[in-house]
Structure formats: C-alpha cells, structure tokens
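# Tertiary structure, described
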Amino acid sequence: MEMTISAVILAGGKARRMGGRDKGLQLWQGKPLIQQVIERVQPQISTMAINANRNISDYAKLGLPVFADELPDFQGPLSGMLTALEQAKTDFVLFTPCDSPFFPHNLLEKLKNTIENDRTLLAYACDETRSHPTFCLMSVQLKAKLRQYLASGERRLLQFMRENGGKSVIFNSTEGQFVNFNTLDDLQ
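Residues numbered from 1 in each chain as written. Predicted model: local features only at pLDDT ≥ 70, side-chain atom pairs only at ≥ 80, totals over all residues. Heavy atoms only, no water.

An unreviewed UniProt entry lists the protein under the name Molybdenum cofactor guanylyltransferase, with Rodentibacter trehalosifermentans as the source organism. Taken directly from UniProt, the Sequence similarities (unreviewed entry) text for the protein runs: "Belongs to the MobA family." (UniProt positions renumbered as here; feature names shortened; annotations may be inferred.)

### A word on the overall build of the protein
Per the secondary structure count, the protein includes 6 helices and 9 strands. Here the protein holds 188 residues, and 51% of them are scored as buried. In the protein, 70% of the contacts between residues at least 6 apart in sequence involve partners at least 24 apart. A total of about 9100 Å² of accessible surface is found on the protein, and carbon and sulfur atoms cover 48% of it. (Helix = DSSP H or I, 4+ residues; strand = E, 2+ residues; numbered from the N terminus. Buried < 20%, exposed > 50% of the residue type's maximum accessible area, 1.4 Å probe, protein only. Contact = heavy atoms within 4.5 Å. Areas by Shrake-Rupley, 256 points an atom, 1.4 Å probe, with all protein chains shown as cover.)

### Overview of the pattern of salt bridges
As enumerated under the stated definition, the model contains 9 salt bridges in all. Salt-bridge contacts for Lys-23 lead to Asp-99; the nearest nitrogen and oxygen are separated by 2.7 Å. Taken together, the residues Lys-23 in the loop between strand E1 (5–11) and strand E2 (27–28) and Asp-99 in the loop between strand E6 (92–97) and helix H4 (107–118) connect sequence positions 76 residues apart. Overall, Lys-23 belongs to the buried group, its relative accessible area being 16%. We note a salt bridge from Glu-175 to Lys-110, for which the minimum N-O separation is 3.1 Å. Of this pair, Glu-175 sits in the segment after strand E9 (167–170) while Lys-110 sits in helix H4, and the two are 65 residues apart along the sequence. It is possible to trace a salt-bridge network through shared partners that takes in Glu-2, Lys-112 and Glu-116. (Salt bridge = Lys/Arg side-chain N within 4 Å of Asp/Glu carboxyl O.)

### Overview of the UniProt feature "binding site: GTP" (unreviewed entry) in the protein
Under the local residue numbering, the UniProt record ascribes the feature "binding site: GTP" (unreviewed entry) to Leu-10, Ala-11, Gly-12, Lys-23, Asn-51, Asp-69 and Asp-99. Residue position: Ala-11 is located in strand E1. In this view, Ala-11 contacts Asp-22, Ile-34, Ile-50, Asn-51, Ala-52, Asn-53, Tyr-59 and Cys-98; residues no more than four positions away in its chain are not counted. Look at Asp-99 and you get buried, because its relative accessible area is 4%. There is a polar contact of 2.7 Å between the side chain of Asp-99 and the side chain of Lys-23. (Polar contact = N/O pair within 3.5 Å; in protein donor to acceptor, adjacent residues only side chain to side chain.)

### With respect to the packing of aromatic side chains
Counted according to the given criterion, the structure contains 5 aromatic pairs. An angle of 65° between the planes, with centres 4.8 Å apart, marks the rings of Phe-135 and Phe-178 as edge-to-face. Of this pair, Phe-135 sits in strand E8 (residues 131–139) while Phe-178 sits in the segment after E9, placing them 43 residues apart in sequence. Each member of the pair, Phe-135 as well as Phe-178, is classed as buried. For the pair Phe-171 and Phe-178, a centre-to-centre distance of 5.8 Å together with 75° between the ring planes defines the contact as edge-to-face. Overall, the relative accessible area of 1% leaves Phe-171 in the buried class. Ring pairing ties together the aromatic residues Phe-103, Phe-135, Phe-171 and Phe-178, which thus form one cluster. Its end group placed over the ring of Phe-103, Arg-40 keeps NZ or CZ at 6.0 Å from the ring centre. (Phe/Tyr/Trp six-rings, centres within 6.5 Å; stacked < 30°, edge-to-face > 60°. Lys NZ or Arg CZ within 6 Å of the ring centre and 35° of its normal.)

### Comments concerning the sheet that holds strand E4 (residues 48–52)
Taken in spatial order, the 7 strands line up as E5-E4-E1-E6-E8-E7-E9 in an open sheet, and their pairing is mixed. On the outer flanks of this sheet lie strand E5 (66–67) and E9, each paired with one strand and no other. Sheet topology note: the strand E7 (residues 122–126)/E8 ladder contains 5 bridges and is antiparallel. Looking at the pairing, Tyr-124 lines up with Cys-136 of E8. Contacts from helix H3 (residues 77–87) reach E1, E4, E5, E6 and E8, with the element oriented near 15° to E8. (Pairing = 2+ DSSP bridges. Axes fitted to C-alpha atoms, helices over the stretch in contact; angles between N-to-C directions.)

Dropping the structure here:
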C-alpha cells in the first residue's frame, strides 16, 4: 500500500539570533524566506502546511493552512512536529525549516526510500559533516512517543530520533545544501 505524505514547514521559533524577527518572513532576494522554501518543497509534494506561533495572518497570506503549536511557550521544533503529526491526515509528514531554501530537490525521494527499505518510522537528513534533523520524514505512529518525550521535559530532536529508530540519510553537496539563515547579516 502506498504511503501518504504531507509536508509541514516549521516557522514556529523565536528567532533569537535574528533579533526576534520572524525568520520565515524575512526577505531574501525580494521574497520571504518561507516563500523560497515553499517553492523548493512544491515540486516534491503538493499537500503542505505551515507551523507558526506568531504573525499567523502574514503566513496565511501565502495560501497554505497555518497552525500553531498545541503546547505553549515555544518549546522548539519537536513541539511543532507533534502538533503536525496530530493534525495530519497522512501516514507520514515531511518536515523542513522555514529558513533553509537550498535543501536537496530529492529530499523527499531519498527519505522515503530509506523509510521503505529500512522499514523505519523516521528518516532524517545529514550532509558530509553533520545531521540536520529538522529535515525529516516522520510517521504519525510516533505521536504518542513524541508527546511523552516532550512531557518528560526533553527537547533534543536528534536524541528523540535515535531513541525511535531514526535513520540518517546522507545528501552530498551536489544534491543541495542545508544552509540556513540565522541572523540578519546572513540575509545580506
């Protein structure tokens, strides 16, 4: 049976290193960063939504469904992921951050192949030097475990993934870059 997949772009953070400005809405090359990410995701998957905890009406203008974290107080990307898994009408959710517009065009394809071949519920991206766990494909079957993990006070993304059989998938630099914009200087 074919697995169903939707995508969620994570834009729910506080962006402390960007002076508290909402990262996804910052302009780069004349467009909001999140618009660049949407355009990168769209050829890979058509059903997507945005996770944002502020400026929700600005995000809604992009024409996609927008939802906030269920849990209060900006608890990090896992909190947005949990809400996404609970709302998903698909078997899996592809996650990407809102501030990294150069990720591989074959992101979904390679993560999905790993899920199918390794029969795992979770696959996340790596490059030659480090893991990029906010780029991942996660089964909705993990929502109860994720809720417990967050309830225990944990927030570490990679640790949750490793504890739940997550497989890393290596992308080389010719496939794309996981460069993200963290400061206003990065946008220059």
